[in-house]
Structures are given as C-alpha cells and as structure tokens.
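So you can see what is in the structure, the chains are spelled out below.
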Amino acid sequence: MALIAVICPYCQSDEAVVENGKSAEGEQRFRCQSEASQGRTFILNPSYPRRLPAIKQQG
Ligand SMILES: [Zn+2]
C-alpha cells in the first residue's frame, strides 16, 4: 500500500507497514500489522529521535 519502503522501527521490516492517516501535526502515520509489532503505530520523521545518546541539555 505504501509507495515508499517504510521500515517498521519495532520489527525492522517493511512487509506489514501500512499508512494509517495523519498525526495531529500533519505527519504521515504508519501502522505495522505484523504479529511482532502488534499493530503499533509510528511516525516517519527525519527528526525522529532514534538511538540518540542520552544527552541532557542544561540551561
Ligand atoms: Zn513491525
């Protein structure tokens, strides 16, 4: 269904990812239908925090 290969952040597969409307911010939301991901939704966003080191900014 999705025209682009969207990798699910939960199971690292694009096999079961479908579009799932837009978020409140207007970002495309996806849902993974695989059993491993249990239908969880996620948003594909370049600024999405992934595996960032624990940086705490102070002041
Ligand atoms: Zn998944």
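All values reported here derive from a predicted model rather than from experimental measurement.

Q: Is there a simple way to explain the pairing of strand S1 (residues 17-22) in this structure?
A: Moving residue by residue along a regular strand, the side chains alternate between the two faces of the sheet. Here 4 bridges tie S1 to strand S2 (residues 28-32), and the two strands are oriented antiparallel to one another. Directly across from Val18, in S2, lies its bridge partner Arg31. Hairpin connection, S1 to S2: the antiparallel pair is bridged by 5 residues, and Gly26 has positive phi, about 85°.

Q: I'm lost on the confidence of the model for the protein chain in this one. Help?
A: Parts of the prediction with low pLDDT should not have their coordinates interpreted in detail. Confidence along the protein chain averages 82 in pLDDT terms, with 73% of residues attaining 70 or more. Here strand S3 (residues 41-43) stands out as the element of the protein chain with the lowest mean pLDDT, 91, in contrast to S2, whose mean of 93 is the highest.

Q: Got a minute to help me understand the sheet that holds S3 in this structure?
A: Sheet strands line up and pair through hydrogen bonds in the backbone, either parallel or antiparallel. If you trace the 3 strands from one edge of the open sheet to the other, you get S1-S2-S3, paired in antiparallel fashion. Where the open sheet ends on each side, the last strands, each with one partner, are S1 and S3. Recorded for the sheet is a direction-independent mean angle of 35° between the axes of neighbouring strands.

Q: What exactly am I supposed to notice about the pairing of S2 here?
A: One ladder, built from 3 bridges, connects S2 with S3; its direction is antiparallel. By the bridge assignment for S3, Phe30 is matched with Phe42.

Q: So what exactly am I meant to see when it comes to unusual backbone geometry here?
A: Excluding glycine, residues mostly carry a negative phi; peptide bonds, for their part, are mostly trans. The backbone of Gln12 sits at a positive phi, close to 55°, despite the residue not being glycine. Tracing the chain through its elements places Gln12 in the segment before S1. Despite not being glycine, Gln38 shows a phi value in the positive range, around 55°. Of note, Gln38 is situated in the loop between S2 and S3.

Here is what the cut-offs are and how they apply
Residues numbered from 1 in each chain as written. Predicted model: local features only at pLDDT ≥ 70, side-chain atom pairs only at ≥ 80, totals over all residues. Pairing = 2+ DSSP bridges. Helix = DSSP H or I, 4+ residues; strand = E, 2+ residues; numbered from the N terminus. pLDDT = per-residue confidence, 0-100. Axes fitted to C-alpha atoms, helices over the stretch in contact; angles between N-to-C directions.

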